[in-house]
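Residue strings, one per chain:
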Amino acid sequence: MNGAEWFRLKAARDKISTIESAVADLLQATDILNVPAAPGRDVEARPSFLFPPKPKLSSQDGQGRLLHDVANIELQAMELAMRTLGEYPEAPRAFREELADLAVQEAKHLRLCLDAMDEIDRPWGTWPIHLALWEQAPLKATTCTSLIERIFVVHRHMEGSGLDAGSAILTRLSGVGRTRAKAVVQLILKEEVDHVAFGTKWYRTLCLSEGLDPDGCFSELLPRALANSPRTEKPDMELRRKAGFSEFEIQCLLRTHGFSI
Ligand SMILES: [Fe+2]
Ligand SMILES: [Fe+2]
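Figured I'd write up the structure that's included with this text.

1. Quick look at the overall build of the protein
Moving on, step 1. Along the backbone of the protein there are 12 helices and zero strands.
Moving on, step 2. Taken from N to C terminus, the helices and strands of the protein fall in the order α-α-α-α-α-α-α-α-α-α-α-α.
Moving on, step 3. Taken against the 2.2 N^0.38 rule, which gives 18 Å for 261 residues, the C-alpha radius of gyration of the protein at 18 Å falls within 12% of a compact globule.
Moving on, step 4. Put simply, the protein has 261 residues, and 40% of those count as buried.
Moving on, step 5. Considering only contacts within the protein whose residues lie at least 6 apart along the sequence, 79% involve residues at least 24 apart.

2. Some thoughts on helix H4 (residues 60–87)
Moving on, step 1. Across its 28 residues, H4 extends 40 Å between first and last C-alpha, which sits within 8% of the 40 Å expected from 1.5 Å per residue.
Moving on, step 2. Burial analysis of H4 places 24 of its 28 residues in the buried class, which makes it a mostly covered element.

3. With respect to the environment of Asp 14
Moving on, step 1. Structurally, Asp 14 is set in helix H2 (residues 12–17).
Moving on, step 2. Judged by local crowding, Asp 14 falls into the partly exposed class, with 14 C-beta atoms found within 10 Å.
Moving on, step 3. Note: C-alpha distance between Asp 14 and Asp 118 (104 residues apart in sequence) is 16 Å.

4. Here's the deal with the packing of helix H10 (residues 214–228) against helix H12 (residues 247–257)
Moving on, step 1. Between H10 and H12, the shortest axis-to-axis distance is 10 Å and the interhelical angle comes to 30 degrees. When the axis of H10 is compared with that of H12, the two are roughly parallel. The handedness of the crossing between H10 and H12 is right-handed. Contacts between H10 and H12 pair Asp 215, Phe 218, Ser 219, Leu 222, Pro 223 and Leu 226 from the former with Phe 248, Glu 249, Cys 252 and Thr 256 from the latter.

Rules behind the numbers
Residues numbered from 1 in each chain as written. Chains lettered and ligands numbered in written order. Predicted model: local features only at pLDDT ≥ 70, side-chain atom pairs only at ≥ 80, totals over all residues. Helix = DSSP H or I, 4+ residues; strand = E, 2+ residues; numbered from the N terminus. Rg over C-alpha atoms; globule rule 2.2 N^0.38 Å. Buried ≥ 20, exposed ≤ 12 C-beta atoms within 10 Å, placed from the backbone. Contact = placed C-beta atoms within 7 Å. Expected span 1.5 Å × (residues − 1). Axes fitted to C-alpha atoms, helices over the stretch in contact; angles between N-to-C directions. Parallel < 35°, antiparallel > 145°, perpendicular 65-115°, else oblique. Left-handed = near helix turned anticlockwise from the far one by under 90°.

This is the structure in structure tokens:
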């Protein structure tokens, strides 16, 4: 599968089944990929404020809706990893190889969600989806976003916020008993810590290699990322620390998010 064609595939399961060959194609490429303005979709996309209300988590509909929302995030996380491979062919080889593995792991997360949804007869497409994550990561071609900022936005801000949201979901699921949805969210959350840690490691490595102060850049990039991609969950300090956030960064997160320290 050609990397450029992969973004235009509409069916989520087709994207999963062809990811290995699309990753191999993007890893070989030396030219910047012309990424489409919007990825292919087989489900109606609309802004999330136009979504139907969320059913109670204790119901089958509630569990299905939760998995559907998580699947939509995993789909975009997979595509954003692939976008960075395509848009930053000049990035260090080791970074690109780790990112390729991350993209394949996002595909696995997406498949877990889709299979669990099929099992409870709430398949992909039962609810609408949004493209917010795709849209909130600025296209390199039009914004000249640096690789450092891309890593910050996708892996430290978006995926970092995903840890906060995942932890809050597990708390809400604690009264629901053992369900497939809960097992899926637990597994994904555990592996997402590594994705954020990957972002932390390469963010610092690239800042230092360019003679930039990682803390100073963090203070500059965070308000910009939050303005473009708002988040309301309180940062989960334990998971953020596990993912490599320093005390300076955690204090900065709490202050910038508007939570008291
Ligand atoms: Fe994921
Ligand atoms: Fe991830």
